[in-house]
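Per-entry structural report
Listed here are the chains, written in short residue letters.
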Amino acid sequence: MGDFERNKDQVQAGVQAGASLVGRITVIITDAIGSIAKEVGDFVTDGIEMREAARAARLDESTRSPEIDMDGIEPDELYG
C-alpha cells in the first residue's frame, strides 16, 4: 500500500467520523429544540389557564350578592 492510498484512507476515515459526529450533534440539538418548544408551550398554556381562572373568578365575584360587613354593628341594630 502506497503513501497516497494510506493518506486517502486516513482522510476518508476522518471525514466519516466527522460526519457521524455532526449527525449525533444534530440529533441532540433537534431533541433539545423540541423539548424547549414543549416546555415553552406548557408554560404559555399554564398562563392562559391562570388568566381564564382569574376572569371566571372576577365574573363569579361580580354576580354574587354583596356581602354585608358585620364589623361594628351592634346586635340591637340588626332588628331595627
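Below you will find a few notes about this structure. Fair warning: this is a prediction, and the values are worked out from it, not measured in the lab.

Rules behind the numbers
Residues numbered from 1 in each chain as written. Predicted model: local features only at pLDDT ≥ 70, side-chain atom pairs only at ≥ 80, totals over all residues. Heavy atoms only, no water. Patch = residues over 30% accessible without salt bridge, like charges linked within 9 Å, V, L, I, M, F, W, Y side chains within 5 Å. Areas by Shrake-Rupley, 256 points an atom, 1.4 Å probe, with all protein chains shown as cover. Salt bridge = Lys/Arg side-chain N within 4 Å of Asp/Glu carboxyl O. Helix = DSSP H or I, 4+ residues; strand = E, 2+ residues; numbered from the N terminus. Buried < 20%, exposed > 50% of the residue type's maximum accessible area, 1.4 Å probe, protein only.

Here we look at a nonpolar patch on the surface
On the surface, a nonpolar cluster with roughly 490 Å² of combined accessible area is contributed by I36, V40, F43, V44 and I48. With respect to the secondary-structure elements, I48 resides in helix α1 (residues 3-63).

Description of the pattern of salt bridges
Taken as a whole, this structure holds three salt bridges when the rule is applied. The closest approach of N and O atoms between D3 and R6, which form a salt bridge, is 2.5 Å. In this pair, D3 and R6 are both assigned in helix α1, three residues apart and thus about one turn of the helix distant. Exposure remark for D3: the relative accessible area of 55% places this residue in the exposed category. For R6, a relative accessible area of 36% translates into the label partly exposed. The salt bridge partner of D42 is K38, with a shortest N-O separation of 2.9 Å. With D42 and K38 both in helix α1 and four residues apart, this pair spans about one turn of that helix.

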